[in-house]
Every structure is written in C-alpha cells, then in structure tokens.
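Spelled out from the first residue to the last, the chains are:
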Amino acid sequence: MDEIDVLRSMRSSSGEPEPEALIRGQARLERAITERGIKSKPPQRRAVGRRAPKFVLAGVAAAAAIGIGVTALWPSPNAPAAQASAVLADAADQVRTGGHTISAGELLRIQETDETLGEVYPAGAAIETPGETIKYRAVETVVTLVPSDPEGDWIVRRSGRQLVEILDDLGNPNAEEAVRQDLAHGPGASEEVWPAGVMPGGDSSPLRTDAPTEKSALRGFILSDTARQESDESDRIFEWLLPVLSNPAASVELRAAGFEVLADLGTLTAEPAAQSRGSQVVSLSTPDGEARQDLVFNDRSELVQVRTILTGKSSWFPSLAPGTVLSSTTTEASVVKG
C-alpha cells in the first residue's frame, strides 16, 4: 500500500492513526470550518514569435527552468512527506469529483492570464554583454474554447502582450519607449483555429489521449516516452505531467492519475511557510537554488496558478532581487454555451 492508498483509507487496527490520515483530517476540518463561515486566524529570455497557451508549453518551460526538488508549503510542520502527498491526493480527488463536463452544444472556456519577464537591449548596447538588458513584466490573456466533440476545432484568442511594469531600466531615461517598441514588434491580438486541438504547425494534441490512466501504467508510459532525455526520472516525470495537470481540457482520468504519480515521487518533502488563507502550494526548487516553481491550489484543491520565483541571486538576472516573480500563469475554466 503506497502513500496515496493510505491517504484514502482508514487503518483497520485500533492503534494510533497514520500521519497521512492526520494531515488529511486536518485539511478537511479546516475546509469545513471555512465553509461554515467560522473565521480562523490564520529563467526566461525575451519572448519571440507566437506561442501556444501555457498548458501546452509548460513542459518545455519546466525543462529549462526547474529541477525536481519538490517541497509542499503548509502551515503545519508535521509529517513533511505526507503533507506534500496530501495536497496532491486532494487535487486528484477534486479532479475526479469536480471536473468540468461538456455536453453537446457547450464549450469549455479556459482563460489564462500569463505574466512573463521580458528583456530588451537599449539602443546601441553591446548585445554580447550578459545581463545588460532592460527588464520588464508583460501580461497577455489567452482564451481557449474547447468543443465537446474531440475532433472539433479549438478556438484560441490572444490579447497580445501589454506592459505591466519595468523591473530594471538600467538608468536609461528611454527605457519605457524601448520596451513599448519591443512589444509593438511582437505578436499582437489574434484568433487561431486548432483542428482537434492541434496548434498550427504542430503534430499532436496537448490532451495526450494516447496515455494510460492507471497510476503505475502512466508512470511507466512517461518514462518510456521520455527515455531519450538525459535528466533523471523525477525531472522527466514532472516535465511530462505539467502540461497535462495544468490543462482543464485533459481527461479527468489522466489528470487525476497524473497528480497521483506526482504525489508518489520520492523527492517530496515539506516545510512550514506562511500561506494566504485558503491556498496550498507545492514548490519545485532548482538544483542551483536560484529559483523555484510553485503549483498553487485553491481551497477546493483546484490547480489555479503556476509561477516561477527567484529564491537566490540569479546569474541570468543579477539585478533582480530574490522573491521576484519571473512568470506566472493563472487559469480559470468554465462551461459556456456554444
């Protein structure tokens, strides 16, 4: 019996409960208190060209940005490994019981608010000089409409990237003008048609309908599918799973099994951290200690945001302080009339 199975059952003996059971009980009690109304106290270079929605590109980003040190951030310091597994086990349960169902004549509407770090060289700058770039944060909204027919066309609408703030102007009085020119030369607002969910120029759907939906079989499938990669098994598993877990259009069975596979990774640890009330965070740290990637779950155990945060001095972005958010994607899904 593995951790997920323990988390889903009660011990048959009359002894002390397993730490995993205590964690799940604590989480459910806290949610019940909240629902009853009792208040308790509580690295990326500049983007070029057209991109797919983040749930399609997440695996590629993970390969470049993160290594698989997994840390669950939770208010309680007890049973660290069980705490991480509990967050992900609850996410698997939520997918199975609360996933969106699309009927004929309806669409699954997925809205992603995508904030990314951009950079541009000031006029006349030596391009070969590392780090000597104006750095800024930009935002784009991507709305994807997914039909009930698996062979139907997806509609993908992009707002175009807009400036949020300049993070490092290099003391250049023309920094904002340079940034706005950079954004103006990038892709603007658009609408695309993806036949059966396959982006133009692509060769496969992000839904991964070829994958098994049983936990052990899925793990084996992932390792076989990524056998040519040189990274270790945990890296390969997470990189493959991230675009599936963050895609509300993927099948309920596949996403639930994916959360279970992630929960079973032996690198899961936990440490206490201050969390906003009602959210839980599973954090993936880079081996160099420069950054981490957070998976943020709401109080219903839905994965609602993926973000990458600097945690140390960055060799790529030396002027940015630890705690700077390098990128974030917030996802909302709903069913609408076609």
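Can you break down the packing of aromatic side chains residue by residue, with the values?
For the coordinates displayed, the defined rule picks out three aromatic pairs. For the pair Phe 221 and Trp 240, a centre-to-centre distance of 6.0 Å together with 80° between the ring planes defines the contact as edge-to-face. One end of the pair, Phe 221, is in helix H6 (residues 215-225); the other, Trp 240, is in helix H7 (residues 233-245), and 19 residues separate them in sequence.

Report on the environment of Glu 165, specifying residues and quantitative values.
By secondary structure assignment, the location of Glu 165 is in strand E5 (residues 162-168). Accessibility expressed as a relative area gives 35% for Glu 165, which makes it partly exposed. In this structure the C-alpha to C-alpha distance between Glu 165 and Ala 138, which are 27 residues apart in sequence, comes to 7.2 Å. Setting aside chain neighbours within four positions, we find Glu 165 in contact with Tyr 136 and Arg 137.

Please give an account of helix H5 (residues 175-184) that cites residues and values.
Those residues of H5 that sit buried are Ala 175, Ala 178, Val 179, Asp 182 and Leu 183. The buried residues of H5 occupy one face: seen down the axis, they fall within an arc of 135°. Lining the buried residues of H5 we find strand E2 (106-120), strand E3 (134-147) and E5.

Any details on the packing of H6 against H7? Residues and values, ideally.
As a packed pair, H6 and H7 sit with axes 9 Å apart at the nearest point and diverge in direction by 100°. Taken together, H6 and H7 sit at an angle that is classed as roughly perpendicular. Residues Leu 218, Arg 219, Phe 221, Ile 222, Leu 223 and Asp 225 of H6 pack against Glu 233, Arg 236, Ile 237, Trp 240 and Leu 241 of H7.

Rules and cut-offs
The residue numbering used here restarts from 1 in each chain and proceeds along that chain's sequence as written. Reporting in this predicted model follows two pLDDT cut-offs: at least 70 for local features of residues, and 80 or more for side-chain atom pairs to be given and counted; totals over whole chains, interfaces and linings ignore these cut-offs and use all residues. Where side-chain values are given, they derive from all heavy atoms of the structure, hydrogens and water being excluded. Classification of ring pairs rests on two measures: the distance between centres of Phe, Tyr or Trp rings, Trp counted by its six-membered ring, which must be within 6.5 Å, and the angle between planes, read as stacked under 30 degrees, edge-to-face over 60 and tilted in between. Counting from the N terminus, the helices are the DSSP runs of H or I reaching at least four residues and the strands are the DSSP runs of E reaching at least two. To sort residues, take the accessible area from a 1.4 Å probe on protein chains only and compare it with the maximum for the residue type: under 20% means buried, over 50% means exposed, and anything in between is partly exposed. The criterion used for residue contact is that any of the two residues' heavy atoms lie within 4.5 Å. Throughout, the arc means that of the directions going from the helix axis to the C-beta atoms. Note on geometry: axes are lines fitted to C-alpha atoms, helical ones only across the stretch in contact, with angles between N-to-C directions running from 0 to 180 degrees. For classification purposes, angles smaller than 35 degrees are called roughly parallel, those larger than 145 roughly antiparallel, those between 65 and 115 roughly perpendicular, and all remaining angles oblique.

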